[in-house]
Amino acid sequence: MNRIRSLLKKFSIFNFAFLLLAGIVNAIGVTIFIAPVQLYDSGISGTSILLSQVTPDSFSLSFFLLALNIPLFLYGLKKQGAVFTVYSIFTVAVYAISAWLITDVLPVDVSLASPLAGTDLFLCAIFGGIVSGIGSGLAIRNGGAMDGIEVMAVIFSKKLGITVGTFVMIYNVILYIISGVVIQSWILPLYSIVTYAAGSKTVDYIVDGLDLSKSAMIITTKPEEICKAVSDAFTIGITILDAKGYYSNEPKTVLYAVVNRFQIVRLKSLVKSIDKDAYVTITIVSDLLHGSKENT
């Protein structure tokens, strides 16, 4: 019971509110701009669009969003943590429900063309990518994710020796090739690359680095407690440096760790829950090289 209470305290109404907004925004981008002209979003969202096109009408976009994403998030539960998993499943559920409302309930005709951009593929690709990118970026900034493929990228990219962004890009290239073969045309898959590029750059702008690792430097007087909590949570190595405050002349400890973008929110929360006076800086890591031993 105490464990459940402790877990519930980690959730934030503020985060849920922004994740709700993220799911709605993403649904608008996909259902208003991308899906009506049969373009393809990236990741599971794009896969769901393709599957909804080649299966009976009873298997809708919303159905595939839930059926494909939720198992991936649950698979990443141990790696990403319960809070991230719940946030992500909530976001995808909002996305799926919002998409269903727009396509099947609200008086919006998205059957043949975009209500805002008509059949202009370039406009649909650009604005669909930007709007859905805003939704994905908001989800990441508030501790969740919009797409299960990014979670798989976090888990497997390190083992494959590639970045998270490269993993996602490879998946999308394969998706667009399959789409071209299935529909026997390369026009829509090529325009979908524009959608992916616009979405990626938008997420880039919102979360400050889509496929970059980030380094955290933590100045604290409680290094042992923070090291244990961070190491247990993320299974990463941490470097400990002895330091001294210039004005206070008191001994302090500097902790250095490299995490992925999904872990930043949880890392800051962990540190502040242990030492509210800790000083934390987050820096983008443009390149990362380590030896055979991952722990430092």
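Bear in mind that the values here come from a model prediction, so they are computed numbers and not experimental data. (Residues numbered from 1 in each chain as written. Predicted model: local features only at pLDDT ≥ 70, side-chain atom pairs only at ≥ 80, totals over all residues. Heavy atoms only, no water.)

1. With respect to the environment of Pro71
- Turning to its location among the elements, Pro71 is positioned in helix H4 (residues 61-75).
- Measuring from C-alpha to C-alpha, the distance between Pro71 and Ile89 comes to 9.6 Å, with 18 residues separating the pair along the chain. (Helix = DSSP H or I, 4+ residues; strand = E, 2+ residues; numbered from the N terminus.)

2. Things to note about the packing of aromatic side chains
- Scanning the model with the defined rule gives 12 aromatic pairs in all.
- Taking the centre distance of 5.1 Å and the plane angle of 85° together, the rings of Phe16 and Phe90 count as edge-to-face. Of this pair, Phe16 sits in helix H2 (residues 13-34) while Phe90 is found in helix H6 (residues 82-105), placing the two residues 74 residues apart along the sequence.
- A centroid spacing of 5.2 Å and a plane angle of 70° characterise the contact between Phe84 and Phe262, whose relative ring orientation is edge-to-face. Of this pair, Phe84 sits in helix H6 while Phe262 sits in the loop between strand S3 (251-259) and helix H12 (264-274), and the two are 178 residues apart along the sequence. Summarising the burial analysis for this pair, Phe84 and Phe262 share the class buried.
- An aromatic cluster of three or more residues is present, and its members are Phe11, Phe16, Tyr87 and Phe90. (Phe/Tyr/Trp six-rings, centres within 6.5 Å; stacked < 30°, edge-to-face > 60°. Buried < 20%, exposed > 50% of the residue type's maximum accessible area, 1.4 Å probe, protein only.)

3. What about unusual backbone geometry?
- A positive phi angle, near 55°, is found at Gln184, a position not held by glycine.
- Relative to the helices and strands, Gln184 resides in the loop between helix H9 (164-183) and helix H10 (187-207).
- A positive phi angle is found at Thr235, which is not glycine, with a value near 55°.
- Structurally, the position occupied by Thr235 is in the loop between helix H11 (223-234) and strand S2 (239-244).
- The class for Thr235 is exposed, based on a relative accessible area of 65%.

4. Here's the deal with helix H3 (residues 43-54)
- Over its 12 residues, H3 extends 17 Å from the first C-alpha to the last, a length consistent with the 16 Å expected when each residue adds 1.5 Å.
- Among all positions of H3, only Gly43, Ile44, Ser45, Gly46, Thr47, Ser48, Ile49 and Leu50 are buried.
- In this fold, the buried residues of H3 make contact with H2, H4, H6, helix H8 (148-160) and H9. (Expected span 1.5 Å × (residues − 1). Contact = heavy atoms within 4.5 Å.)

5. Side note on the sheet that holds strand S4 (residues 279-285)
- The strand order across the open sheet formed by 4 strands is S2-S3-S1-S4, and the pairing between neighbours is antiparallel. In this open sheet, the two edge strands, each paired with only one partner strand, are S2 and S4. Within the sheet, the average angular offset between the axes of one strand and its neighbour, ignoring direction, is 20°.
- Where strand S1 (residues 213-220) lies against S4, 7 bridges are found, and the strand directions are antiparallel. Pairing of Ala216 across the sheet is with Ile282, part of S4.
- The strands that H12 touches are S1, S3 and S4; relative to S1, the one it contacts most, it runs at about 5°. (Pairing = 2+ DSSP bridges. Axes fitted to C-alpha atoms, helices over the stretch in contact; angles between N-to-C directions.)

6. Points about empty space enclosed by the protein
- Under the defined criterion, the tally for this structure stands at 2 cavities of 30 Å³ or more.
- When its volume is computed, the largest cavity comes out at roughly 300 Å³.
- The wall of the largest cavity is formed by 22 residues, among which Asp41, Ser42, Ser136, Glu150 and Val203 lie closest to the centre.
- Those elements that place two or more of their residues in the lining of the largest cavity are H3, helix H7 (121-141), H8, H9 and H10.
- Split into classes, the residues belonging to the lining of the largest cavity amount to 7 nonpolar, 12 polar and 3 charged.
- Taken as a whole, the second largest cavity holds about 30 Å³ of empty space.
- Residue lining of the second largest cavity: Ala216, Ile218, Ile226, Val230, Ile238, Leu255, Tyr256 and Ala257, and that is the complete set.
- Of all the elements in the fold, those that place two or more residues in the lining of the second largest cavity are S1, H11 and S3.
- Counting residues per element, the lining of the second largest cavity draws most heavily on S3, which supplies 3 residues.
- Split into classes, the residues belonging to the lining of the second largest cavity amount to 8 nonpolar, no polar and no charged. (1 Å grid on protein atoms, 1.4 Å probe; cavity = no way out; pocket = protein on both sides within 12 Å on 5 of 7 lines; lining within 4 Å. Points joined across faces, edges and corners; volume = space filled by probe spheres on them. Nonpolar A, V, L, I, M, F, W, Y, C, P; charged D, E, K, R; others polar.)

7. Some details on the side chain of Ser98
- Take Ser98: it is sitting in helix H6.
- With sequence-adjacent residues up to four places away left out, Ser98 is seen in contact with Gly23, Ile24 and Ala27.

8. Considerations on the confidence of the model for the chain
- Counting all residues, the mean pLDDT for the chain is 88, and 94% of those residues have values of 70 or more.
- Ranking the helices and strands of the chain by mean pLDDT puts H2 first, with 95, and helix H1 (residues 2-8) last, with 73. (pLDDT = per-residue confidence, 0-100.)

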